[in-house]
Amino acid sequence: LRMGGGWEAEGAMARWLAARGWPLERLDIDVSDAGTIAALVTAPNLALQSLEVFRADAAALCAMADAPWPLDSLELAFDEAPSAAAFRALARAAWPELTSFSARVEDFRPDPGEDWGDEGEALDGAAFALCPKLEYLELHSLPVGAAGARALASRLCARLQSLCLLDAQLDDEAAAAMDG
(Lines give C-alpha, C1' and ligand atoms only; values in the text may rest on other atoms or scores of the structure.)
Protein backbone atom coordinates (compact mmCIF):
# COMPACT_ATOMS: atom_id res chain seq x y z
CA LEU A 1 0.00 0.00 0.00
CA ARG A 2 1.26 3.50 -0.84
CA MET A 3 -0.08 6.46 1.09
CA GLY A 4 0.82 10.12 0.73
CA GLY A 5 -0.02 13.52 2.14
CA GLY A 6 -3.43 15.09 2.50
CA TRP A 7 -4.14 13.84 6.02
CA GLU A 8 -4.62 16.89 8.18
CA ALA A 9 -4.42 15.52 11.71
CA GLU A 10 -1.20 13.98 12.96
CA GLY A 11 -1.55 10.21 12.86
CA ALA A 12 -4.91 10.30 11.02
CA MET A 13 -3.60 8.24 8.11
CA ALA A 14 -2.21 5.56 10.41
CA ARG A 15 -5.35 5.41 12.53
CA TRP A 16 -7.43 5.00 9.36
CA LEU A 17 -5.10 2.27 8.14
CA ALA A 18 -5.08 0.43 11.49
CA ALA A 19 -8.90 0.51 11.56
CA ARG A 20 -9.02 -1.33 8.23
CA GLY A 21 -7.52 -4.43 9.83
CA TRP A 22 -5.52 -5.29 6.74
CA PRO A 23 -2.55 -7.59 7.49
CA LEU A 24 -0.15 -5.48 5.43
CA GLU A 25 3.36 -6.68 4.78
CA ARG A 26 4.49 -3.68 2.67
CA LEU A 27 3.85 0.02 3.23
CA ASP A 28 5.16 3.15 1.52
CA ILE A 29 4.23 6.34 3.35
CA ASP A 30 5.00 10.02 3.13
CA VAL A 31 5.00 11.37 6.67
CA SER A 32 6.69 13.99 8.73
CA ASP A 33 5.35 13.32 12.19
CA ALA A 34 5.80 10.88 15.02
CA GLY A 35 2.05 10.49 15.51
CA THR A 36 1.71 8.60 12.25
CA ILE A 37 4.54 6.20 13.04
CA ALA A 38 3.41 5.76 16.66
CA ALA A 39 -0.09 4.85 15.47
CA LEU A 40 1.36 2.34 13.00
CA VAL A 41 3.61 0.79 15.65
CA THR A 42 0.59 0.06 17.84
CA ALA A 43 -1.60 -1.31 14.99
CA PRO A 44 -2.05 -5.02 15.83
CA ASN A 45 -2.79 -6.04 12.26
CA LEU A 46 0.47 -4.86 10.69
CA ALA A 47 3.23 -7.38 10.13
CA LEU A 48 5.36 -5.15 7.95
CA GLN A 49 8.24 -6.78 6.14
CA SER A 50 8.97 -3.84 3.84
CA LEU A 51 8.65 -0.18 4.80
CA GLU A 52 9.46 2.95 2.81
CA VAL A 53 9.18 6.23 4.71
CA PHE A 54 9.66 9.66 3.26
CA ARG A 55 10.19 12.84 5.30
CA ALA A 56 10.18 11.35 8.80
CA ASP A 57 11.08 13.68 11.64
CA ALA A 58 13.36 12.82 14.58
CA ALA A 59 10.52 11.56 16.78
CA ALA A 60 9.26 9.34 13.95
CA LEU A 61 12.72 7.78 13.58
CA CYS A 62 12.81 7.02 17.31
CA ALA A 63 9.32 5.48 17.12
CA MET A 64 10.44 3.26 14.22
CA ALA A 65 13.37 2.02 16.30
CA ASP A 66 10.84 0.54 18.75
CA ALA A 67 8.59 -1.04 16.12
CA PRO A 68 7.84 -4.77 16.52
CA TRP A 69 7.69 -5.46 12.78
CA PRO A 70 9.67 -8.29 11.17
CA LEU A 71 11.17 -5.93 8.59
CA ASP A 72 13.47 -7.31 5.95
CA SER A 73 13.66 -4.02 4.03
CA LEU A 74 13.67 -0.42 5.30
CA GLU A 75 14.06 2.56 3.00
CA LEU A 76 14.18 6.14 4.24
CA ALA A 77 14.33 9.37 2.26
CA PHE A 78 14.74 12.85 3.66
CA ASP A 79 14.45 16.32 2.15
CA GLU A 80 17.04 17.54 4.63
CA ALA A 81 19.46 15.89 7.01
CA PRO A 82 17.63 14.15 9.87
CA SER A 83 18.62 14.44 13.50
CA ALA A 84 21.89 12.56 13.90
CA ALA A 85 20.89 11.37 17.39
CA ALA A 86 17.58 9.97 16.10
CA PHE A 87 19.26 8.32 13.14
CA ARG A 88 21.82 6.69 15.45
CA ALA A 89 18.94 5.33 17.56
CA LEU A 90 17.39 3.80 14.45
CA ALA A 91 20.72 2.26 13.36
CA ARG A 92 21.02 0.68 16.85
CA ALA A 93 17.55 -0.91 16.65
CA ALA A 94 17.04 -4.67 16.70
CA TRP A 95 16.01 -5.78 13.22
CA PRO A 96 16.84 -9.52 13.20
CA GLU A 97 15.31 -10.11 9.73
CA LEU A 98 16.56 -6.93 8.04
CA THR A 99 18.49 -7.64 4.85
CA SER A 100 18.26 -4.22 3.16
CA PHE A 101 18.61 -0.73 4.67
CA SER A 102 18.65 2.42 2.59
CA ALA A 103 18.72 6.01 3.79
CA ARG A 104 19.30 9.03 1.62
CA VAL A 105 19.09 12.77 1.91
CA GLU A 106 17.75 14.17 -1.35
CA ASP A 107 19.83 16.85 -3.04
CA PHE A 108 22.12 17.30 -0.05
CA ARG A 109 25.58 18.20 -1.27
CA PRO A 110 27.73 19.59 1.52
CA ASP A 111 30.76 21.62 0.60
CA PRO A 112 34.07 19.83 1.24
CA GLY A 113 34.91 20.09 4.92
CA GLU A 114 31.44 21.34 5.86
CA ASP A 115 30.13 19.94 9.12
CA TRP A 116 26.88 17.91 8.87
CA GLY A 117 25.52 19.58 11.92
CA ASP A 118 26.17 20.10 15.57
CA GLU A 119 25.07 16.59 16.47
CA GLY A 120 27.95 14.67 14.86
CA GLU A 121 27.95 11.54 12.76
CA ALA A 122 24.92 9.49 11.76
CA LEU A 123 26.45 6.20 12.99
CA ASP A 124 28.29 5.10 16.09
CA GLY A 125 30.01 1.92 17.24
CA ALA A 126 26.69 0.15 17.85
CA ALA A 127 25.39 0.74 14.31
CA PHE A 128 23.64 -2.30 12.84
CA ALA A 129 24.93 -4.62 15.60
CA LEU A 130 21.41 -6.08 15.94
CA CYS A 131 20.93 -6.65 12.21
CA PRO A 132 22.59 -10.05 11.69
CA LYS A 133 21.18 -10.59 8.18
CA LEU A 134 22.00 -7.18 6.66
CA GLU A 135 23.29 -7.65 3.11
CA TYR A 136 22.47 -4.36 1.34
CA LEU A 137 23.34 -1.00 2.87
CA GLU A 138 22.98 2.43 1.29
CA LEU A 139 23.82 5.58 3.19
CA HIS A 140 23.63 8.52 0.81
CA SER A 141 24.63 11.96 2.10
CA LEU A 142 24.80 10.80 5.71
CA PRO A 143 28.13 11.26 7.54
CA VAL A 144 29.35 7.83 8.58
CA GLY A 145 32.23 8.95 10.81
CA ALA A 146 35.13 6.88 12.14
CA ALA A 147 33.10 4.96 14.77
CA GLY A 148 30.43 4.12 12.19
CA ALA A 149 33.08 3.06 9.66
CA ARG A 150 34.69 0.74 12.23
CA ALA A 151 31.27 -0.75 13.03
CA LEU A 152 30.54 -1.34 9.35
CA ALA A 153 33.95 -2.88 8.68
CA SER A 154 33.96 -5.15 11.73
CA ARG A 155 30.38 -6.42 11.54
CA LEU A 156 29.19 -6.35 8.01
CA CYS A 157 32.01 -7.19 5.62
CA ALA A 158 31.51 -10.95 5.76
CA ARG A 159 27.87 -10.84 4.67
CA LEU A 160 27.46 -7.49 2.90
CA GLN A 161 26.73 -7.89 -0.81
CA SER A 162 26.20 -4.22 -1.64
CA LEU A 163 27.49 -1.11 0.08
CA CYS A 164 26.79 2.43 -1.09
CA LEU A 165 28.34 5.32 0.82
CA LEU A 166 27.80 8.21 -1.61
CA ASP A 167 28.61 11.58 -0.07
CA ALA A 168 29.14 9.83 3.27
CA GLN A 169 31.75 12.42 4.26
CA LEU A 170 34.39 9.83 5.06
CA ASP A 171 37.39 11.72 6.45
CA ASP A 172 40.87 10.18 6.70
CA GLU A 173 40.10 8.60 10.10
CA ALA A 174 36.86 7.03 8.81
CA ALA A 175 38.56 5.75 5.64
CA ALA A 176 41.35 4.21 7.73
CA ALA A 177 38.74 2.55 9.97
CA MET A 178 37.08 1.00 6.90
CA ASP A 179 40.47 -0.34 5.84
CA GLY A 180 40.84 -2.13 9.15
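Before reading on, note that the structure itself is shown above.
## A closer look at the overall build of the chain
When its secondary structure is counted, the chain shows 6 helices and 7 strands. Listed N to C, the secondary structure of the chain is β-α-β-α-β-α-β-α-β-β-α-β-α in terms of helices and strands. Sequence separation of 24 or more characterises 69% of the internal contacts of the chain that already satisfy a separation of 6 or more.

## Observations regarding the environment of E25
Looking at the element boundaries, E25 is found in the loop between α1 (12–20) and β2 (26–30). For E25, a relative accessible area of 45% puts it in the partly exposed group. For the pair E25 and S50, spaced 25 residues apart in sequence, the C-alpha to C-alpha distance is 6.4 Å.

## Concerning unusual backbone geometry
In most cases, non-glycine residues show a negative phi, while peptide bonds are predominantly trans. The phi torsion at F128 lies on the positive side, around 60°, for a residue other than glycine. Take F128: its relative accessible area is 1%, and that puts it in the buried class.

## Quick notes on the packing of α1 against helix α2 (residues 34–41)
In the contact formed by α1 and α2, the axes pass within 7 Å of each other and the chain directions differ by 20°. With respect to α2, the element α1 is oriented roughly parallel. Seen from above, α1 lies across α2 with right-handed handedness. Only T36, A39 and L40 of α2 make contact with α1, whose side of the interface consists of M13, A14, R15 and L17. Of the residues assigned to the contact of α1 with α2, the class counts are 5 nonpolar, 1 polar and 1 charged.

## Description of the pattern of salt bridges
All chains considered together, the criterion is met by 7 salt bridges. Where R92 meets D124, a salt bridge forms, and the shortest distance between an N and an O atom there is 2.4 Å. Here R92, found in the loop between α4 (84–91) and β5 (100–105), pairs with D124, found in the loop between β5 and β6 (136–140); they are 32 residues apart in sequence, far enough to count as distant. On the basis of relative accessibility, which here comes to 36%, the residue R92 falls in the partly exposed class. Residue classification places D124 among the buried residues on the basis of a relative accessible area of 18%. In this structure, R104 and E106 form a salt bridge, with 2.8 Å as the shortest nitrogen-oxygen distance. Here the residues in one salt-bridge network are R26, D28 and E52, joined through shared partners.

## Notes on the nonpolar core
M64, L74, L76, F87, F101, F128 and L139 are the most contacted members of the largest nonpolar core, which totals 56 residues. Among the elements that take part in this core, helix α3 (residues 58–65) stands out by supplying 5 residues, more than any other. The contacts of L74, once residues within four sequence positions are left out, are L51, M64, L90, W95, L98, S100, F101 and S102.

## Section: α4
The buried fraction of α4 amounts to 6 of the 8 residues, a majority that puts the element mostly inside the structure. What α4 keeps buried is the set A84, A86, F87, R88, L90 and A91. Check the buried side of α4 and you find it contacts α3, β4 (73–78), β5 and β6.

## Observations regarding α1
Residues of α1 that are buried include every one of A12, M13, A14 and L17, and no others. Following α1 by one or two positions, G21 has its phi on the positive side, about 75°.

## Section: the side chain of D28
Its location among the elements puts D28 in strand β2. For D28, a relative accessible area of 4% puts it in the buried group. Reaching out from D28, the side chain makes a polar contact with the side chain of R26 at a distance of 3.2 Å.

Each value, and the rule that gives it
- Residues numbered from 1 in each chain as written.
- Predicted model: local features only at pLDDT ≥ 70, side-chain atom pairs only at ≥ 80, totals over all residues.
- Heavy atoms only, no water.
- Helix = DSSP H or I, 4+ residues; strand = E, 2+ residues; numbered from the N terminus.
- Contact = heavy atoms within 4.5 Å.
- Buried < 20%, exposed > 50% of the residue type's maximum accessible area, 1.4 Å probe, protein only.
- Axes fitted to C-alpha atoms, helices over the stretch in contact; angles between N-to-C directions.
- Parallel < 35°, antiparallel > 145°, perpendicular 65-115°, else oblique.
- Left-handed = near helix turned anticlockwise from the far one by under 90°.
- Nonpolar A, V, L, I, M, F, W, Y, C, P; charged D, E, K, R; others polar.
- Salt bridge = Lys/Arg side-chain N within 4 Å of Asp/Glu carboxyl O.
- Core = buried A, V, L, I, M, F, W, Y, C linked by side-chain atoms within 4.5 Å.
- Polar contact = N/O pair within 3.5 Å; in protein donor to acceptor, adjacent residues only side chain to side chain.

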